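# Coordinate inspection notes
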Amino acid sequence: VRMMDNVIDNTIYPLPQQEEEAKNKRRMGVGVTGMANCIEAIGHPYGSEGYLQIMETILVALRDVAYTASVSLAVEKGPFPLFDADKYTESKFVKTLPPPLQEDIKNHGIRNSHLLSIAPTGTISMAAGNVSSSIEPVFAYSYERDVYREDGTQTKDKVEDYGVRVLGVTGKRAVGKDCVTVDEHVNVLNKATQFVDSAVSKTCNVGSSITWDEFKEVYMKAWRGGAKGCTTYREGGSKKPLLTSADDPAMDTGGTCEWINGVRSCE
């Protein structure tokens, strides 16, 4: 939190309006990656009740420590310029914090208006040894990824999951194995949303045979659960996948489908 708060002051902003916006609110987005590898190594399959409980423990700890650190910075350097104690402490999210922490914010202010955000972390997770990204499930035990080289050529590189390669985790639930259900995807999204003051990036994978009503229900369940947004990826859609499972040929989409003038056309 201290490091990211310093970034706000040391950034070179393209426009003065951007600098004013950033420094008036001092927003940041502390997040996570490797969640699935971590909790599955403990013994809880992705999306299970035990998985959700441990994820909650992790995110509550992250939330409370981040907010405590920001209060300490407010004591040291002052709260963010737009801070209003009465309005801020009445916000829905702040009311979920432990009462002593709410009291500290009211008495001392807080350095940053927002502190938490679950980003996709796809590239970061690759750089960390191909750990599972963000709060997403493992994509596959191994998969092929398109890689562009410095000389402009493109290759397909096989990448193995960190959980299997390093932690020796077996019996996991990977997207590429069609083991993670849509409901489990949405349950993880909704649970994480409760402990993040900004937003959560989470892709809910759905099969190519999903009906319109089933697809609509994915978004409705996310909305009812308090999610601020929901992303879906449907196999067989018009977008070419970045990753192709090396474990399960069924993940290959084959042809593509798109809507043209209200008519669905597939190749």
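Scroll up to find the structure this text is about.
Below: a short report on this structure. Nothing here was measured: the structure is a model prediction, and the numbers come from that model.

Definitions and cut-offs
Residues numbered from 1 in each chain as written. Predicted model: local features only at pLDDT ≥ 70, side-chain atom pairs only at ≥ 80, totals over all residues. Heavy atoms only, no water. Helix = DSSP H or I, 4+ residues; strand = E, 2+ residues; numbered from the N terminus. Contact = heavy atoms within 4.5 Å. Areas by Shrake-Rupley, 256 points an atom, 1.4 Å probe, with all protein chains shown as cover. Salt bridge = Lys/Arg side-chain N within 4 Å of Asp/Glu carboxyl O. Buried < 20%, exposed > 50% of the residue type's maximum accessible area, 1.4 Å probe, protein only. Phe/Tyr/Trp six-rings, centres within 6.5 Å; stacked < 30°, edge-to-face > 60°. Axes fitted to C-alpha atoms, helices over the stretch in contact; angles between N-to-C directions. Parallel < 35°, antiparallel > 145°, perpendicular 65-115°, else oblique. Left-handed = near helix turned anticlockwise from the far one by under 90°. Nonpolar A, V, L, I, M, F, W, Y, C, P; charged D, E, K, R; others polar. Pairing = 2+ DSSP bridges. Right-handed = clockwise from strand over helix to strand, strands pointing away. Disulfide = S-S within 2.5 Å. Core = buried A, V, L, I, M, F, W, Y, C linked by side-chain atoms within 4.5 Å.

Moving on to the overall build of the protein. Scanning the protein for helices and strands turns up ten helices and seven strands. Within the protein, contacts between residues at least 6 apart in sequence are counted, and of these 66% link residues at least 24 apart. Within the structure as shown, the protein displays about 14500 Å² of accessible surface, and the carbon and sulfur contribution to it stands at 54%.

One side chain can pair with another of opposite charge once the charged atoms of both are near each other. Enumeration according to the criterion identifies 15 salt bridges in this entry. Here E76 makes a salt bridge to R2, at a shortest N to O gap of 2.8 Å. Of this pair, E76 sits in helix α4 (residues 49-77) while R2 sits in helix α1 (residues 2-10), and the two are 74 residues apart along the sequence. Classification of R2 by relative accessible area gives partly exposed; the value is 44%. If you follow the salt bridges from partner to partner, you end up with D5, D9, R26 and R111 in one network.

Time to look at the packing of aromatic side chains. Inspection of the entire model under this criterion finds eight aromatic pairs. Members of the aromatic cluster, connected to one another through ring pairs, are F80, F83 and Y88.

Where helix α9 (residues 182-193) contacts helix α10 (residues 212-224), the two axes come as close as 9 Å, and the packing angle between them is 25°. The angle between the axes of α9 and α10 places the two elements in the roughly parallel class. In this structure, the crossing between α9 and α10 has a hand that is right-handed. The residues of α10 that touch α9, namely those facing V182, D183, V186, N187, L189 and N190, are V218, K221 and A222. Across the contact of α9 with α10, the residue classes break down as five nonpolar, two polar and two charged.

Moving on: the side chain of E184. Within the element layout of this structure, E184 appears in helix α9. Its relative accessible area of 13% is what places E184 among the buried residues. Excluding anything up to four places from it in sequence, E184 contacts Y46, G47, R173 and C179.

Quick look at the side chain of S70 now. Among the structural elements, S70 can be located in helix α4. Judged by its relative accessible area of 0%, S70 is buried. Contact partners of S70, with chain neighbours within four places excluded, come to V1, I110, R111, N112 and L115.

Another point: the pairing of strand β4 (residues 231-234). Where strand β3 (residues 203-206) meets β4, four bridges bridge the pair, whose relative direction is parallel. Paired with C204 across the strands is T232, a residue of β4. Between the parallel pair β3 and β4, the chain is carried across by α10, and the sense of this crossover is right-handed.

On to the state of the cysteines, then. Throughout the structure, instances matching the rule amount to zero disulfides. Left without a disulfide partner, C230 is nearest to the cysteine sulfur of C204, which lies 4.0 Å away.

Moving on, we come to the packing of α4 against α9. It is the contact of α4 with α9, at a shortest axis distance of 10 Å, that shows an interaxial angle of 25°. On the basis of their axis angle, the class for α4 and α9 is roughly parallel. α9 is crossed by α4, and the crossing has right-handed handedness. Mapping the contact onto sequence places Y51, L52, M55, E56 and L59 in α4 and N187, V188, K191 and A192 in α9. Taken together, the residues of the contact of α4 with α9 break down into six nonpolar, one polar and two charged.

Moving on: the nonpolar core. Counting residues in each nonpolar core, the largest one holds 43 residues, and the members touching the most others are M55, Y67, I105 and I110. Where this core is concerned, the elements lending two or more residues are α3 (35-42), α4, α6 (99-108), α9, β3 and α10. Per element, the largest residue contribution to this core is seven residues, and it comes from α4. Those residues within four positions of Y67 in sequence are excluded, and the remaining contacts are Y88, F93, L97, L101, I105, I110, S113, L115, L116 and D197.

Another point: unusual backbone geometry. Not every positive phi belongs to a glycine, and N130 is a case in point at roughly 65°. Mapped onto the elements, N130 comes out in the loop between α7 (122-127) and β1 (142-148).

Turning next to the environment of G34. If you trace the backbone, G34 turns up in the loop between α2 (16-25) and α3. Linking G34 and G163, residues 129 residues apart in sequence, is a C-alpha distance of 9.2 Å. Setting aside chain neighbours within four positions, we find G34 in contact with V131, S132, S133 and S134.

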